[in-house]
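Breakdown of the fold
One letter stands for each residue in the lines below.
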Amino acid sequence: MKLFDFHTHWLSAPPGEAIVCLPRHVVEAPEEFLPQPGALYSVGVHPWWTADDCERLLVGAEVLCRHRQVVAIGEVGFDRLRGSLERQVDVFRKHAEWAEELRKPLTIHCVRAFDVLLRLRAELRPTVRWTVHGFRGKASLACQLLEADFDLSFGPLFNAEALKKVPEGRFHVETDDSGLSIEEVWRRVALAKNQR
Ligand SMILES: [Zn+2]
């Protein structure tokens, strides 16, 4: 069985075996999107990109998220350490709307803003899956997010106790921008899961 990569920035990941997050220059100029046959993509305005004026990126993301090969919306979300949280919330709301309209899941980047994320979830009551990607939080936060019906995705670095809390079917594995192979990340995850 091929190991699926839930979230990667590696554009030449084997088609169909990964969800490739489109880079900024493509979101800025959707005509540069050259989908590979059979490949799966996600598109969103990353919270770091909201530090500058991101109108053009929003227009691009809205066009691209409708593409048949774009199977997830994101990454989008919050980073309290970079840029304006207020603007990130506005951008997030737009993506959450597209996700509902298009029935596509949302992939979320969240740094030190889980209170904001949980509040938005309670307010918006999404019907599509919302997944926090690159989750590195503790077990208590994992439990809180699972309770609120989030899925979690784990990259090369994670808290092993948190990972053990996530039931089958609620977690994903990803390479993100690590440069590691998905086999290596799955190996680390499996090792941690099986450790007592
Ligand atoms: Zn990423």
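Residues numbered from 1 in each chain as written. Predicted model: local features only at pLDDT ≥ 70, side-chain atom pairs only at ≥ 80, totals over all residues.

**As for the overall build of the chain**
Check the secondary structure of the chain and you find 7 helices and 8 strands. Computed over the C-alpha atoms, the radius of gyration of the chain is 16 Å, within 12% of the 16 Å expected from 2.2 N^0.38 for a compact globule of 196 residues. Projected onto its principal axes, the C-alpha positions of the chain cover 50 × 40 × 30 Å. Here the chain holds 196 residues, and 38% of them are scored as buried. Long-range pairs, those at least 24 residues apart, make up 57% of the contacts in the chain between residues at least 6 apart in sequence. (Helix = DSSP H or I, 4+ residues; strand = E, 2+ residues; numbered from the N terminus. Rg over C-alpha atoms; globule rule 2.2 N^0.38 Å. Buried ≥ 20, exposed ≤ 12 C-beta atoms within 10 Å, placed from the backbone. Contact = placed C-beta atoms within 7 Å.)

**A word on the environment of Arg87**
Note that Arg87 resides in helix H3 (residues 85–102). As a C-alpha pair, Arg87 and Glu183 span 96 residues in sequence and 37 Å in three-dimensional space.

**What about unusual backbone geometry?**
The omega torsion across Gly74 and Glu75 is 10 degrees, close enough to zero to call that bond cis. You can see Glu75 is positioned in strand S4 (residues 70–79). A positive phi is found at Arg125, a non-glycine position, where the angle reads about 45 degrees. Note that Arg125 resides in the loop between helix H4 (114–124) and strand S6 (130–132). For Arg125, a count of 8 C-beta atoms within 10 Å gives the class exposed. The phi dihedral of Asp176 falls on the positive side, at around 50 degrees, and the residue is not glycine. Examined against the element boundaries, Asp176 turns out to sit in the loop between strand S8 (171–173) and helix H7 (182–194).

**Section: the nonpolar core**
Among the nonpolar cores identified, the biggest contains 47 residues, and Val43, Val45, Leu152 and Phe154 are the most heavily contacted of them. Here the element with the most residues in this core is S4; it accounts for 5 residues. For Leu152, the contacting residues outside a window of four places in its chain are Thr131, Val132, Phe135, Ala142, Leu145, Val166, Arg170 and Phe171. (Core = buried A, V, L, I, M, F, W, Y, C linked by C-beta atoms within 7 Å.)

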